[in-house]
Amino acid sequence: GESVGLHLPTLSVQEGDNSIINCAYSNSASDYFIWYKQESGKGPQFIIDIRSNMDKRQGQRVTVLLNKTVKHLSLQIAATQPGDSAVYFCAENIRNTGKLIFGQGTTLQVKP
Amino acid sequence: DTAVSQTPKYLVTQMGNDKSIKCEQNLGHDTMYWYKQDSKKFLKIMFSYNNKELIINETVPNRFSPKSPDKAHLNLHINSLELGDSAVYFCASSQSPDRMHFGPGTRLTVL
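Residues numbered from 1 in each chain as written. Chains lettered and ligands numbered in written order. Predicted model: local features only at pLDDT ≥ 70, side-chain atom pairs only at ≥ 80, totals over all residues. Heavy atoms only, no water.

Enquirer: Provide a residue-level description of the packing of aromatic side chains, including the pertinent values.
Expert: Given two aromatic rings, their pairing is described by the distance between the two centres and the angle made by the two planes. Residue and element names in this part refer to chain B. A full pass over the atoms with the stated rule returns 11 aromatic pairs over all chains. Each ring, one from Phe90 and one from Phe102, has its centre 6.3 Å from the other, and the planes form 85 degrees; the classification is edge-to-face. Here the residue Phe90 occupies a position in strand S9 (residues 87-94), and Phe102 occupies one in strand S10 (residues 101-102), the gap between them amounting to 12 residues. The buried category is assigned to Phe90, whose relative accessible area is 1%. Phe102 sits in the buried class, given a relative accessible area of 11%. (Phe/Tyr/Trp six-rings, centres within 6.5 Å; stacked < 30°, edge-to-face > 60°. Helix = DSSP H or I, 4+ residues; strand = E, 2+ residues; numbered from the N terminus. Buried < 20%, exposed > 50% of the residue type's maximum accessible area, 1.4 Å probe, protein only.)

Structure, rendered in structure tokens:
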């Protein structure tokens, strides 16, 4: 079925530590994955994406890893800062449907 | 120079009323969407339009009627509002399902 889920609803990290947010998806027809960040009172904001023909992609302080064998996606944030505190969503695009399906979201709390 | 804008930002209304939310994008994208975010932050697609044509309608009640007068606008009209319609509604646009750009959201509260 179509479902994208996250292993933990809340992640609390110390400022300066690395954060890892995980996501499981179930649709093997998904060919594109995105991570979004949503700050309080705002709309989701694009962070990084990855296509199914890749297993890793790096951005500024963020890395997305894709393991298609176990249908797992992760977002790594290096040197987490207070400004990283937000809800993070993974989303999958199911090929040829035009639909982006969102996971439940993980709240990242950064402790000073 | 806002990319995707929505009005109003907050909407408080009584059950049974009819209300509209407007959305505009200045990114030149062909596709626009409406998403509903519930109290648990779950984001669910409602509709998508491509060049004013309805592409996706995700089993949304008939009380919800999207209208796209042109490809830069996608408005959402809701008839006979119910308590369960209370949520945050996000408009978004993209050139494809990739890299969707979201608006700031409209918080609808039905009393």
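Enquirer: Explain the interface of chain A and chain B to me, using residue names and the numbers behind them.
Expert: Of the residues lining the interface, 21 residues belong to chain A; the matching set on chain B comes to 19 residues. Looking at the side of chain A facing chain B, the largest losses of area belong to Pro44, Lys99 and Phe102 of chain A, adding up to 27% of the total buried there. Seen at the junction of chain A and chain B, the total is 2 salt bridges. The shortest N-O distance in the salt bridge between Lys99 of chain A and Glu58 of chain B comes to 3.1 Å. Linking chain A with chain B are 7 residue pairs in polar contact (both at pLDDT 80 or more). Counting residues per element, the ones that place at least two in the side of chain A that touches chain B are strand S4 (30-38), strand S5 (45-51), strand S9 (86-94) and strand S10 (99-102) of chain A. By residue class, the composition of the side of chain A that touches chain B is 8 nonpolar, 8 polar and 5 charged. (Contact = heavy atoms within 4.5 Å. Buried area = accessible area lost by both parts, 1.4 Å probe. Salt bridge = Lys/Arg side-chain N within 4 Å of Asp/Glu carboxyl O. Polar contact = N/O pair within 3.5 Å; in protein donor to acceptor, adjacent residues only side chain to side chain. Nonpolar A, V, L, I, M, F, W, Y, C, P; charged D, E, K, R; others polar.)

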